[in-house]
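These are the residues of each chain, in order.
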Amino acid sequence: MWSFNRRTLLMLPLALAACGFQPVYGPGGAGDALRGRVEVSAPDDVESYWLVQNLEQSLGRTAAAGTDYLLDVKVRTASQGQAITASNDTTRYSIVGTAAYTLTDKESGAVMASGEVRNFTGYSATGSTVDTLAGERDARQRLMVILSDQLVTQLYATLDPQA
């Protein structure tokens, strides 16, 4: 039978420090290195605007003159029918979104991080036209929140603040 041992719990921070673990929001962490220092590329459409809005909320909004990094983000979405009735009516849709990003050091032009995040959301098309359009808009907004959260998480996980 397993019993709780406080000594094991006290050793956990030492074990994490030994493997190179560093808190993202701690002094010198990736969160500290990026907060307020990233200029996000201008949005092309409404979806990109929602994504940029969420990224600026997570990374901190800055004036272009005070930034060290440029984050270029390209968003693509596609709508796919998911539930089709016997009379060939689509009653549920999924929106699949992809955000490709590149984080560049403005001074040297070096690429600090790049990649792609992908996810999906869904909405129902069984109500009125207004209900369906409102559901689609909400699904697209939720998708941009999900993609921005994934993007920031990947930046924090892969960026080396000492580099």
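Above this text sits the structure in question.
Presented here is an overview of the structure given in this document. Here the structure is a predicted model, which is why all the values come from computation and not from measurement. What you see as residue numbers is a count from 1 along each chain, following the sequence as written. With the structure being a predicted model, the display of local features is reserved for residues of pLDDT at least 70 and the display and counting of side-chain atom pairs for 80 or more, all residues being used for whole-chain, interface and lining totals. The basis for every side-chain value is the complete set of non-hydrogen atoms in the structure, without hydrogens or water.

Some points on the pairing of strand β2 (residues 69–84)
Condition: For two strands to pair, DSSP has to find at least two bridges joining them. Every helix listed is a DSSP run of H or I at least four residues long, and every strand listed is a run of E at least two residues long, numbered separately from the N terminus.
Pairing of strand β1 (residues 38–40) with β2, which is carried by 3 bridges, proceeds in the parallel orientation. Across the sheet, the residue bridging to V40 is L71, located in β2. Linkage of β2 to strand β3 (residues 90–105), two consecutive antiparallel strands, is achieved through a turn of 5 residues, within which N88 is found at a positive phi near 65°.

Considerations on the packing of helix α3 (residues 46–59) against helix α4 (residues 129–158)
Put simply, the rule reads: To obtain each axis, a line is fitted to C-alpha atoms, and for helices this fit is confined to the stretch in contact; angles are then taken between N-to-C directions over 0 to 180 degrees. Angular relationships are summarised with four words: roughly parallel below 35 degrees, roughly antiparallel beyond 145, roughly perpendicular across 65 to 115, and oblique for the angles in between. Each crossing gets its hand from how the near helix is turned against the far one by less than a right angle, where anticlockwise is left-handed and clockwise is right-handed. Here, two residues are considered to be in contact whenever any of their heavy atoms come within 4.5 Å of each other. Three categories are distinguished: nonpolar for Ala, Val, Leu, Ile, Met, Phe, Trp, Tyr, Cys and Pro, charged for Asp, Glu, Lys and Arg, and polar for the others, with Gly belonging to the last.
The geometry of α3 relative to α4 is characterised by a closest axis approach of 8 Å and an angle of 40° between their N-to-C directions. By the criterion of interaxial angle, the relationship of α3 to α4 is oblique. The hand of the α3/α4 crossing is right-handed. Side by side, α3 and α4 meet where E47, W50, L51, N54, L55, S58 and L59 of the first sit next to R137, R140, Q141, M144, V145, L147, S148, D149, L151, V152 and Y156 of the second. A class-by-class count of the residues in the contact of α3 with α4 yields 10 nonpolar, 4 polar and 4 charged.

Regarding the packing of aromatic side chains
What counts here: Two rings from Phe, Tyr or Trp (for Trp, the six-membered ring) form a pair when their centres are within 6.5 Å of each other. A pair whose planes differ by under 30 degrees is stacked, one over 60 is edge-to-face, and the rest are tilted. Buried residues are those whose accessible area, probed at 1.4 Å on protein chains only, stays under 20% of the maximum for their type, while exposed residues exceed 50% and partly exposed ones sit between those limits.
Tallying each qualifying case throughout the model produces 1 aromatic pair. An angle of 20° between the planes, with centres 5.5 Å apart, marks the rings of Y93 and Y123 as stacked. Placement of the pair is Y93 in strand β3 and Y123 in strand β4 (residues 111–124), with a sequence separation of 30 residues. Of the residues examined, Y93 reaches a relative accessible area of 25% and is grouped as partly exposed. Relative accessible area serves as the criterion here: at 7%, Y123 is assigned to the buried category.

Honestly, it's all geometry; don't read function into it.
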